Each structure stands twice: as C-alpha cells, then as structure tokens.
Amino acid sequence: MNRLSRKIMTLFAPAAATLLLFAAVASAHVTVAPAQSSTGAWETYTLKVPSEKDVATVQVDLRIPAGAEFKQYEATPGWDVTIEGNKVSWIANGEGIKAGQFQRFYFTAKNPDTAGDIAWDAYQHYADGSLVQWSGEAGTESPHSITSIVQASGGDEHSHGSSDNGMSMEEHNAIMESENNSTSVNPMVYIALGISLLAFLIATISILRGRKE
C-alpha cells in the first residue's frame, strides 16, 4: 500500500505544481476595481499593480476607456502623475514597486452614459526597460481589466466617490475590503485545476489496473 501511495504522489506532484503555477500567473495581473458600476456615476476606481519580475516597476500607464472621463486622483507618496489626453501615468520618483510587492493607485472617473463593458488598457514599465502590455482580451496571458457599466436606477448617478474633496479613508477601507472579499477567479485557474485532476485520475486508474494484472 505504501508503494502504491508513493507512486500516486509521484504522479500527482507535477500536476499540483502545474496548478499552483497557473494560479500564480492568473492572480498576478494589473487590475482596475470595481468590476461593475453604473452609468453616469463618478466612480472611485482602484488600480492594483503587482511587480512580477525580479526588478522594480517604475511606471504604469493607464488608458481611460472611450466614454469615460478622468476626473481626479489621489496623491501617492513616491509617485508623480502626468495626464496626457486619455493616458494617465504614475511615475516612480523613488524605488518603485519592488519584486514581490504591489501598489494601489486611486482615481475618480465619470462612467459612460450608456451601459456596456469598458476595458482598461495598462502598460507596466520595469526598471530594466522591459514593458508588459495589459491590453489583451480575457483568457490571454496579459488581459486588460474590464468594468461592466450597468444602467443606473434613479438617483444613483453620483453614488460613488463624487465628492470634490477626494476619497476619504473610509472609502479606501471599503474598496480594499471589497477587493479582499472578491470571489472572481480567472478562468485559467479552473482550466488548470481540471487538467490536474484529470491527470491524477488517469494516473491512479493506470496504477490500479497494473496491480490487478
């Protein structure tokens, strides 16, 4: 029995490693939250940027989607902000986002007046000069973040972050709690899980058949 268990674990280990690798890649994207808002709302968005390489992230460019209007941003220590048309750039004036770290940037934008999905294309610059373009479709290696704009009910147009004085700490905490409690998972995780379980099942059946023979 111990021999059989060792064989199963030997075959299962690569599948488990594959699953963990896919999960890590799927969760380390540049994202914009929330994933849903209402038409015409002044929404306070959170741009979350993880540094995936062994060098620091020193600049992040975000393209404001068509129909949305960039309104204001919260100053972030260690970062300068430039605005050119629909491009908003956060540029490090210090060490940037080191390997294994992430940074949140907060800004307010007015949503489009019509319902539909809007895509946030982001461009992540590293200290070694490399660039990662988060502008692909869902399911690709570097997908852009999507916010679904739904039709607002009466009186909801300014329900999110519409104060001219910027975002309060209470709003920050609410956003961070919402992100931490989010149950959305990249489809790649489910695909990797299915492949790993299937490989484990086939390996187990093969071993059991071999013992019977």
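Quick notes on the rules
- Residues numbered from 1 in each chain as written.
- Predicted model: local features only at pLDDT ≥ 70, side-chain atom pairs only at ≥ 80, totals over all residues.
- Heavy atoms only, no water.
- Pairing = 2+ DSSP bridges.
- Helix = DSSP H or I, 4+ residues; strand = E, 2+ residues; numbered from the N terminus.
- Axes fitted to C-alpha atoms, helices over the stretch in contact; angles between N-to-C directions.
- Phe/Tyr/Trp six-rings, centres within 6.5 Å; stacked < 30°, edge-to-face > 60°.
- Buried < 20%, exposed > 50% of the residue type's maximum accessible area, 1.4 Å probe, protein only.
- Salt bridge = Lys/Arg side-chain N within 4 Å of Asp/Glu carboxyl O.

### As for the sheet that holds strand β5 (residues 69–73)
Taken in spatial order, the 4 strands line up as β1-β3-β8-β5 in an open sheet, and their pairing is antiparallel. Strand pairing shows two members of the sheet lacking a second neighbour, β1 (31–33) and β5, which therefore form its edges. Across the sheet, the axes of successive neighbouring strands diverge by a mean angle of 35°, strand direction being ignored. Alignment of β1 against strand β3 (residues 42–50), held across 3 bridges, turns out to be antiparallel. Bridge pairing in β3 places T31 opposite K48.

### Examining the packing of aromatic side chains
All told, the structure shown has 7 aromatic pairs when counted by the stated rule. Look at Y45 and F107: their rings are 5.7 Å apart centre to centre, the planes differ by 25°, and that puts the pair in the stacked class. Of this pair, Y45 sits in strand β3 while F107 sits in strand β8 (residues 102–110), and the two are 62 residues apart along the sequence. Residue classification places F107 among the buried residues on the basis of a relative accessible area of 1%.

### Section: unusual backbone geometry
With omega at 10°, the peptide bond leading from A33 into P34 counts as cis. With respect to the secondary-structure elements, P34 resides in the loop between β1 and β2 (36–38).

### Here's the deal with the pattern of salt bridges
In the structure shown here, the tally under the stated rule is 3 salt bridges. As a salt-bridge pair, E95 and K98 come within 2.8 Å of each other at their nearest N and O atoms. Look at E95 and you get exposed, because its relative accessible area is 55%. Exposure remark for K98: the relative accessible area of 39% places this residue in the partly exposed category. For D113, the salt bridge is made with K110, and the minimal N-O distance between the two is 3.1 Å. Overall, D113 belongs to the exposed group, its relative accessible area being 57%. Its relative accessible area of 17% is what places K110 among the buried residues.

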